[in-house]
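# Summary of structural features
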There are 2 protein chains.
Amino acid sequence: MFSTIRKSLLATTGIAAMGLAFSATSLSAETLDEVMARRGLTQKDLLAAAKTYTPTGKRDEFIVFSSGGQSGQIIVYGVPSMRILKYVSVFTPEPWQGYGFDAESKKILEDAKVDGREIQWGDTHHPAITETNGDLDGEYLFINDKSAPRVGVVSLHDFETQQIVVNPILQSEHGGTFVTPNSEYVIEAAQYPGVLGRGFAPLSEFNEKFRGAVTYWKFNREKGRIEPENSFSIELPPYTQDLSDAGKLVSDGWSFTNSFCAERYVGGIEKGRPPFEAGCSQNDTDYLHIINWKKAAEVANDPAKVKIINDHRVIPLDVSISEGLVYLVAEPKSPHGVDVSPDGNYIVVGGKLDTQASVYSFEKIKAAIDGGKFAGKDSYGLPIIAMEDALHKQVPLGLGPLHNQFDSKQCVVYTSLYVDSQVAKWDYCEGKVLDKISVHYNIGHLVAMEGESEHPAGKYLIALNKLAIDRFNPVGPLHPQNHQLIDISGDKMELLYDMPLPLGEPHYATAISAEKLKPLVRYAYGTNSRTGEKHPDAVRPGSEKIVKDGNKVKVYMTAIRSHFTPEIVEVEEGDEVEFVITNSERAEDETHGFAVSTYNVNLSLEPGKTATAKIKADKPGVFSYYCTEFCSALHLEMEGYLVVKPKGFQEAAAPGAEGQAYTKADYDKQYKTCVDTQAVIDSVVAYIVSTDFQSLPEAAALVEDATDQLKFADEAKAKAEGFAAKEDWQNATLWAGQWWQYQVKAADIGLRAKNLLDEKGVKPKQ
Amino acid sequence: MFSTIRKSLLATTGIAAMGLAFSATSLSAETLDEVMARRGLTQKDLLAAAKTYTPTGKRDEFIVFSSGGQSGQIIVYGVPSMRILKYVSVFTPEPWQGYGFDAESKKILEDAKVDGREIQWGDTHHPAITETNGDLDGEYLFINDKSAPRVGVVSLHDFETQQIVVNPILQSEHGGTFVTPNSEYVIEAAQYPGVLGRGFAPLSEFNEKFRGAVTYWKFNREKGRIEPENSFSIELPPYTQDLSDAGKLVSDGWSFTNSFCAERYVGGIEKGRPPFEAGCSQNDTDYLHIINWKKAAEVANDPAKVKIINDHRVIPLDVSISEGLVYLVAEPKSPHGVDVSPDGNYIVVGGKLDTQASVYSFEKIKAAIDGGKFAGKDSYGLPIIAMEDALHKQVPLGLGPLHNQFDSKQCVVYTSLYVDSQVAKWDYCEGKVLDKISVHYNIGHLVAMEGESEHPAGKYLIALNKLAIDRFNPVGPLHPQNHQLIDISGDKMELLYDMPLPLGEPHYATAISAEKLKPLVRYAYGTNSRTGEKHPDAVRPGSEKIVKDGNKVKVYMTAIRSHFTPEIVEVEEGDEVEFVITNSERAEDETHGFAVSTYNVNLSLEPGKTATAKIKADKPGVFSYYCTEFCSALHLEMEGYLVVKPKGFQEAAAPGAEGQAYTKADYDKQYKTCVDTQAVIDSVVAYIVSTDFQSLPEAAALVEDATDQLKFADEAKAKAEGFAAKEDWQNATLWAGQWWQYQVKAADIGLRAKNLLDEKGVKPKQ
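Residues numbered from 1 in each chain as written. Chains lettered and ligands numbered in written order. Predicted model: local features only at pLDDT ≥ 70, side-chain atom pairs only at ≥ 80, totals over all residues. Heavy atoms only, no water.

## Brief notes about the overall build of chain A
In terms of helices and strands, chain A carries 13 helices and 44 strands. Once the C-alpha set of chain A is aligned to its principal axes, its extents read approximately 100 × 75 × 50 Å. A burial count over chain A gives 72% of its 766 residues as buried. When contacts within chain A are restricted to residue pairs at least 6 apart in sequence, those whose partners lie at least 24 apart make up 63%. Accessible surface, chain A: about 22400 Å² in total, of which carbon and sulfur atoms supply 52%. Charge separation in chain A, taken as the distance between the mean sites of 78 positive and 106 negative side-chain charges, equals 1 Å. (Helix = DSSP H or I, 4+ residues; strand = E, 2+ residues; numbered from the N terminus. Buried < 20%, exposed > 50% of the residue type's maximum accessible area, 1.4 Å probe, protein only. Contact = heavy atoms within 4.5 Å. Areas by Shrake-Rupley, 256 points an atom, 1.4 Å probe, with all protein chains shown as cover. Lys, Arg positive; Asp, Glu negative; His and termini not counted. Charge placed at Lys NZ, Arg CZ, Asp CG, Glu CD.)

Following this line, the structure appears as structure tokens:
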């Protein structure tokens, strides 16, 4: 009744060619004009579509790393297509990635506990990519957690979180992460003042005992890790510190941290006091903190000049004053963004309740400091530079200036205007507005391509709008955010695309040229991806084993499509079972998952990765385990059983009956199918090798993988023939079936390679 | 030095108009041809761009609900724009939505425990929207968890999970959820066989003691909840059951569940046995289960005919046989999809290892059953219908037919071909292939618009491809999935768009006409969104309170931009603190968050919602709490302090000094600013009311909100004047500042309304 696989594969190969022929010659019934009329598109819309639409297989020009806000994740998307490519979990467990579900990543989250509390989320705010000589280099990414003062380190080699450090002294933060021009330090500034070291003092002693601070985390580039032991902090007054930026070029060695609530107001609306929002925004100015971090790093090395809080070096206020490490200058009003220009000389500050942006000159600031010219001191003794001695320009922009990003064009900066729901393009050298564009609605931060570096890339700007309201189909009371892509290549800004954010409320983002990213295709065999090192318990196929030690059972397992080895694991009620699994695939994108039914375990095993699932076999039962990734046509058959025997259970000696018995006829039939299939595979292989397939690395990789599968097929064939020689038709038939399974996988990959070659126009050589 | 707010608002209003004028008149420097040349776009690409690009503010035609696979979530996206609108958490805690972080949703996850185990993820597979008369009605959505046998219920009124039920008898499942034509029942079928009730038996007794089953969950439409007490299951042989579908029209009352591994093979590669994949796919056929669920529902009501396992009614195999509830028919080979045609008469099955799709006729099946014409019985006594007595057609399609979706065109069906990486369009009445298209790569399921209903909508098809490999910019070894949008309006399928899935591995999806969805804009004041009922602890503004009872402290709080009431909460070390917070906003999209620094708490409070954060004040300290949503220009100032006093701590009687003291001059200055600001707001209001703003519901809602803010401004003004009358300049100045804060919020909303009116061309009336 059924076609043989031979006919099938022949048919398939034929139909595949036919399918491609269809695609190449068929025409749409609808013309472009008809489509535009039907969908109500203008010529301007069509232009925007052409500037953003990215056909199958084409790549994006820039990659944006956006904070995921309260999702605790990083969102990765492409520009100009505005397609989200990945959510990378940092502070929040996420099962698809196995993050917080395998033992390796649990260790990172264990290190991320704060004062013993397990925290399963984060409020990610400001991502920063490592820099070399002031330019983004695409190696590592840092991101902070506002809710608990922590910093995560993501490797851009595999887009996985590899470290979380907990700030030893801050109660709360916001102004991180920002990197110095060679990623020497990662800056993390406090937000709501607290008692340093997370101690207690009553609010009545707010002015005396509460403090702010900035932490400089030392980054070890070679190890790709922050070194807490080589990091330090600078104590600051209890102004509510906000964003920061590191100086560059002329201002290298300095950093800038602004603040709001320099009023040091403590609310209490429940007692009839005006709320924080009133008391924290009453004054016309707050303070910009100007910090000499290079000198501070030296001072921090002198044990006499630091106090140690929770094993961490903190430079006290009096030392900062005596050593000349921290200076203040007034900045209007409840500011948010503080952004250093590409040449390092200008510091642009937006005051959320101001109508203008303030441009400070580092040259002037430096002259005031060097000349000892100060307007006075704050209540804590920090010297204050007079605003007029530091300002270059103030430029009226509109209501709610918030954050600034720089263009590749000289002197051009973009500022978000929250209340106006606009972006202003302006010249910070001359101090004039060049253009404005409305956004939808209430923009927070904005991001220009490499717009915080010494060499901004221009071209695109993204408005990170906080409210979507009417922009998208309604999905309930909780709306997506709206990131709007703006073309900044011309004189006038042009809105190109509205992109909903489906999860999390991104705060800030950073964008890098796509070609600077060179992530891994696969891991070296047996890698613990969270350390980057060889996993001590990784095994090669053939060396799988189950080791019991008291009530601990360790399963050294491999996974390849479509089976785990071992498939049956028997333990006793009460045992602690550890599955250490290595994905032995070499094929790109051949990820396997691993779940045990009714247990809180899921692994994501990319090719080469080793990860561990630990469970407590707390109840007797028979628990299926399976691959949670659709890894092949037989992925549902990639299964096994964890048998948890009741204590003292004695199994009958006799093996169970087979559900199905096979005969020599079954074996012969299967054998013939395999031989026929091989002939077809050979013809596909012959076609592929007749082309210059090695000119296409992706096709070469597929061929390599298909070759692997055929090797496995040969091994299964040998087993089948061995059992047949012993007239064990049961095993002979099933191993012949397994031989065919490998052939199907080889055929699958071979067809994919052939399609790819056709698509890319790689034809048989003459 | 600083502009007054008056100047600012005037300037803003002026500049806003200018900005819009820019947009309207400016032209792109680049022509369409230049853009196409630069980006390498063909005419066909441009047509696809025009068919998918959705300009700002325009809506999508269809909404897709896709399983999020191992992410444990539902993914919601629009067609044709292919923009992801929302991830809805079902089985996995997710902090942005507060899911698993507030007490209300924690209760759902508590109910979702399996055998006492807390499971913080799920492997979501098959979403199903409620149906009325066989058509999707957009009220509720069901989704299953393959890893632990559970079903979640999501309300499409607010896109929130409202219930999770745990299957009382299954060890593992896959074939859910599928609904009957009026959502009477939600179908959930087993996958890997187990001992019903999740008991233990050794694998040697697989054939005797392991079983499959199908559960029919009773859905109460009025309550929007599954009723476990009115649900039942049917015991099945230990074939590995797979997908299901409910009959419709002529086949209403019946359901169809297929299976693989009818071989009942138990692997054991570690012992030299062939792996599951070989033994489970050796035979040429498996079994399609044909079940009379309407009759079974009646039988289940007879206590003599069911066995009770874990308080759940199970119809045993012998009763199914004697009552004629279950029939088998052979189906080739390791099938996945089983899909009933819109007219209810055809059942299309794809066998993953077959080369053809099999079309069964319900009419023929019914005739065989009614005529008692069977080919035999399986090992468990179930009657088997001969394949030739049930088959309508078998149609060669290619390798790896997997899943089928129906077109609005008569007799047209689409089938995914996994191994071929193609979609076949074919005629299931005549049994001929109409078209094929290549996809990238290895398609699993596919979804056509309302393609499983009695009235498919046609137009679009989406290929849910499992491998992306080279389609997108690389983001490390773990790749996104690739959903490809295909235009099916013409005779030939046309590929329109590649959409990466950034989180989770979607398994299956369902798509509904966007106009059928009518989600809430806001909750009724004080709603517990997880029950849909009024929250008993919701308070109105003015009634906030802190209630202490022993070591339990309950804070009845409200949130409105930009403050919480109360702002200071003082407790003692060791207290259990419960914050019950109601968002008192009426404005759309004005969500507030709530986090307490260094605690594992985040709430998402949409307008009207009440939710609860519980923490244990385990250590003394002063913990800031704040709004985690960027809700206004002063969202950072939406803060408060949880003061956890050490046991026995006695505070000094004297209040702390204010950080900043205000004088009559400060008050007078602030007062004048407010008066000036009001004049500007009046002018904006005058402009808006001169238009027919009420013709635009979104604008009317904004004006309503602005009116609220001005009412609050009046209240703050009255307080300021009251303190001024008592010459308390401190409070007078700060309340005047608060008055101004409300004015800024009113201005923000007013400007947004004005922009919206301008965009929609609503001009002042003549």
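## Section: helix α11 (residues 664-689) of chain A
In a regular helix each residue adds 1.5 Å, so 26 residues correspond to 38 Å; α11 of chain A covers 37 Å between its end C-alpha atoms and thus fits that length. By the burial criterion, the buried members of α11 of chain A are Y667, Q670, T673, C674, D676, T677, V680, I681, V684 and I688 of chain A. (Expected span 1.5 Å × (residues − 1).)

## Details of the environment of S233 of chain A
Residues and elements named next belong to chain A. Checked against the element boundaries, S233 lands in strand β11 (residues 225-236). Given a relative accessible area of 0%, S233 falls into the buried group. Placed 133 residues apart in sequence, S233 and G100 show a C-alpha to C-alpha distance of 30 Å. Among residues more than four places away in sequence, those in contact with S233 are I169, V214, T215, H312, R313, V314 and I315. Here the side chain of S233 touches T215 through a polar contact of 2.7 Å, side chain to side chain. Of the polar contacts made by the side chain of S233, one reaches the side chain of H312; its length is 2.6 Å. (Polar contact = N/O pair within 3.5 Å; in protein donor to acceptor, adjacent residues only side chain to side chain.)

## Quick word on the relation of the copies chain B and chain A
Under the fitted operation, chain B is carried onto chain A by 0.0 Å of movement along the axis and a turn of 180 degrees, and the coordinates agree to an RMSD of 0.1 Å. Both copies are brought into coincidence by an operation consistent with a two-fold rotation axis. Judged by C-alpha distance, A49 of chain B is the residue of chain B that lies nearest the rotation axis, at 2.8 Å. Most of the interface of chain B is mirrored in chain A: 99% of its interface residues are interface residues there too. (Least-squares fit on C-alpha atoms with pLDDT ≥ 70 in both.)

## Re the packing of aromatic side chains
Applying the stated rule across the entire model yields 71 aromatic pairs over all chains. Look at Y185 of chain A and F232 of chain A: their rings are 5.6 Å apart centre to centre, the planes differ by 80 degrees, and that puts the pair in the edge-to-face class. One end of the pair, Y185 of chain A, is in strand β9 (residues 185-189); the other, F232 of chain A, is in strand β11, with 47 residues separating them in the sequence. The same class applies to Y185 of chain A as to F232 of chain A, namely buried. Ring geometry for W254 of chain A against Y327 of chain A: centres 6.5 Å apart, planes inclined by 35 degrees, an arrangement best described as tilted. Of this pair, W254 of chain A sits in strand β13 (residues 254-260) while Y327 of chain A sits in strand β17 (residues 326-332); the two residues are 73 residues apart in sequence, bridging distant segments of the chain. One aromatic cluster is present, formed by F206, F210, Y265 and F276 of chain A together with Y641 of chain B through successive ring pairs. Against the face of Y626 of chain A rests K146 of chain B, its NZ or CZ located 4.3 Å from the ring centre. (Phe/Tyr/Trp six-rings, centres within 6.5 Å; stacked < 30°, edge-to-face > 60°. Lys NZ or Arg CZ within 6 Å of the ring centre and 35° of its normal.)

## Points about the interface of chain B and chain A
With 252 residues of chain B at the contact, the number on the chain A side is 252 residues. For the pair chain B and chain A, the two sides together bury roughly 22100 Å², of which 58% comes from carbon and sulfur. Considering only the side of chain B, the residues that lose the most area to chain A are Y53, E277 and F630 of chain B, jointly responsible for 4% of the buried surface there. On the surface where chain B and chain A come into contact, there are twelve salt bridges. With a closest N to O distance of 2.3 Å, E277 of chain B and K745 of chain A form a salt bridge. (Buried area = accessible area lost by both parts, 1.4 Å probe. Salt bridge = Lys/Arg side-chain N within 4 Å of Asp/Glu carboxyl O.)

## Structural notes on the sheet that holds strand β16 (residues 312-315) of chain A
The strands making up a sheet are joined through hydrogen bonds of the backbone, oriented either antiparallel or parallel. The strand order across the open sheet built from six strands is β8-β9-β10-β11-β16-β15 (chain A), with neighbouring strands paired in mixed fashion. The sheet terminates laterally at β8 (178-179) and β15 (307-309) of chain A, the two strands that pair on one side only. (Pairing = 2+ DSSP bridges.)

## Describing the packing of helix α2 (residues 32-39) of chain A against helix α3 (residues 43-52) of chain B
Relative to each other, α2 of chain A and α3 of chain B sit at 10 degrees, their axes nearing to 9 Å. In terms of orientation, α2 of chain A lies roughly parallel with respect to α3 of chain B. Here L32, V35, R38 and R39 of chain A of α2 of chain A lie close against α3 of chain B, whose contacting residues are L46, L47, A50, K51 and T52 of chain B. (Axes fitted to C-alpha atoms, helices over the stretch in contact; angles between N-to-C directions. Parallel < 35°, antiparallel > 145°, perpendicular 65-115°, else oblique.)

## Examining unusual backbone geometry
A cis amide bond, omega 10 degrees, links G176 of chain A with the succeeding residue T177 of chain A. Within the secondary structure, T177 of chain A is located in the loop between β7 (160-166) and β8. One non-glycine residue with positive phi stands out, namely T598 of chain B, at about 65 degrees. As for its position among the elements, T598 of chain B is in the loop between β40 (592-596) and β41 (602-605). Taking relative accessible area as the criterion, T598 of chain B reaches 0% and is therefore assigned buried.

## Some words on the state of the cysteines
Residues and elements named next belong to chain A. In the structure shown here, the tally under the stated rule is four disulfides over all chains. Each sulfur in the disulfide pair C261 and C280 lies 2.2 Å from the other. Around the S-S axis, the bridge from C261 to C280 shows a dihedral of about -60 degrees and counts as left-handed. With C261 in the loop between β13 and α6 (276-279) and C280 in the loop between α6 and β14 (285-292), this residue pair connects regions lying 19 residues apart in the sequence. (Disulfide = S-S within 2.5 Å.)

## A closer look at helix α3 (residues 43-52) of chain A
Extensive coverage of α3 of chain A is indicated by the burial of eight of its ten residues. Among all positions in α3 of chain A, only D45, L46, L47, A48, A49, A50, K51 and T52 of chain A are buried. Summarising the contacts, the buried residues of α3 of chain A are in contact with α2, β29 (460-465), β30 (481-487) and β31 (494-501) of chain A together with α2 (32-39) and α3 of chain B.

## Quick notes on the pairing of strand β11 (residues 225-236) of chain B
A regular strand places its side chains so that they alternate between the two faces of the sheet. All names here are of chain B. The buried fraction of β11 amounts to nine of the twelve residues, a majority that puts the element mostly inside the structure. Note: strand β10 (residues 212-220) against β11, eight bridges, orientation antiparallel. Note on β11: the bridge partner recorded for N220 is R225. Adjacent in sequence and paired antiparallel, β10 and β11 are bridged by four residues, among which G224 carries a positive phi angle near 65 degrees.

## Things to note about the pairing of strand β3 (residues 84-89) of chain B
Residues and elements named next belong to chain B. Within β3, six of the six residues are buried, which leaves it mostly tucked inside the rest of the structure. In the sheet, strand β2 (residues 73-79) pairs with β3 via five bridges, with the strands oriented antiparallel. Across the sheet, the residue bridging to I74 is V88, located in β3. Counting the residues between successive antiparallel strands, the hairpin from β2 to β3 contains four residues, one of them, M82, with a positive phi of roughly 60 degrees.

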